[in-house]
Amino acid sequence: MKWEGNRESDNVEDRRSSGGGGMGGLIGGRGIGIGTIVIALVGGWIFGINPLTILSALSGGTPTAQVQQQGPAQRPPADDKMASFVSTVLADTEDVWKTVFSQGGGTYQEPRLVLFRGATATACGQGQAAMGPFYCPADQKVYIDLGFYETLQKKLGAPGDFAQAYVIAHEVGHHVQNQLGITGKMDQMRGRVSKTEYNAMSVRLELQADCFAGLWAHHAQRARAILEQGDVEEAMNAAAKIGDDALQRGNGGAIVPESFTHGSSAQRARWFNTGLQQGSVKACDTFSARNL
């Protein structure tokens, strides 16, 4: 992926030098068994909205954050190559989505991206590195512990810088959903439908974020020719490696489609490719699609 020398975003906040905090009081007054927590982390930790949302849906409660006072936003060190990569990819998503929103008569509000290590406070609750990258709609921030990229490469078998860029673009896709009001509509359905039905809606939400990641790549390639040979394959491989069926199989369990919250490997790769090939928000309407 051709990224070095391109613009870096000013919306990156580096909290890696600050302490994390505990998980006490995470779910508003309701006790949740450890099994439920494991389900939420396994089902929601890879590229999604904060798994605290999943825990909330399973428990019937509302996440309450132990918000800690944060100091002034700190920029990453200039010589931190990985932070520069993240900042550059975020800037590229800003450029693409500003253009897409403008063409549709709207205004894109840029999210912030928070680099943290171990744990950090969010408006959705206490974020943990074990959750993987996530987006918190309440504060409109993407959170990522850069150690996840080692997990992506060594444990999940999805190496490559464009696979890493896909991670960021997917999370930004959740921010776009929030901007478009899609996330709010999902929240309104919580408690009104069964757990199986909500899981099915969650799958469509995640697949749309995959499609939005492909949409970003489509426009970034047309505007700046960022792709190198093998990049698309890296992203498609990453999408496949984190399908619900692949994760369930990797954890030694049975594949249970009714429990899917992010989509199968084939679905995730297919919707990323849809965005990549067509480059339109309309093409990413997973909620109207008859077949995923």
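Please refer to the structure placed before this passage.
All values derive from a computational prediction rather than experimental measurement.

A.B. asks: It is not clear to me how the pairing of strand S3 (residues 112–115) should be interpreted in this structure. Could you clarify?
C.D. replies: Regular strands place their side chains on alternate faces of the sheet. In the sheet, strand S1 (residues 12–14) pairs with S3 via three bridges, with the strands oriented parallel. Residue pairing for S3: aspartate 14 is matched across the bridge by leucine 115. As defined by bridge partners, S3 adjoins strand S7 (residues 141–144) across four bridges and the pair is classed as parallel. Within the sheet, the bridge partner assigned to arginine 112 lies in S7 and is lysine 141.

A.B. asks: I would appreciate a short explanation of the state of the cysteines in the present structure.
C.D. replies: Working definition of a disulfide: a covalent bond connecting the sulfur atoms of two cysteines. For the coordinates displayed, the defined rule picks out two disulfides. Each disulfide pairs two cysteine sulfurs, and for cysteine 211 the partner residue is cysteine 284, the sulfurs being separated by 2.1 Å. Given an S-S torsion of about -75°, the disulfide between cysteine 211 and cysteine 284 has left-handed geometry. Of this pair, cysteine 211 sits in helix H7 (residues 195–224) while cysteine 284 sits in the segment after helix H10 (265–278), and the two are 73 residues apart along the sequence. Exposure remark for cysteine 211: the relative accessible area of 0% places this residue in the buried category. Owing to a relative accessible area of 0%, cysteine 284 belongs among the buried residues under this scheme.

Reading guide: rules and limits
Residues numbered from 1 in each chain as written. Predicted model: local features only at pLDDT ≥ 70, side-chain atom pairs only at ≥ 80, totals over all residues. Heavy atoms only, no water. Pairing = 2+ DSSP bridges. Helix = DSSP H or I, 4+ residues; strand = E, 2+ residues; numbered from the N terminus. Disulfide = S-S within 2.5 Å. Buried < 20%, exposed > 50% of the residue type's maximum accessible area, 1.4 Å probe, protein only.

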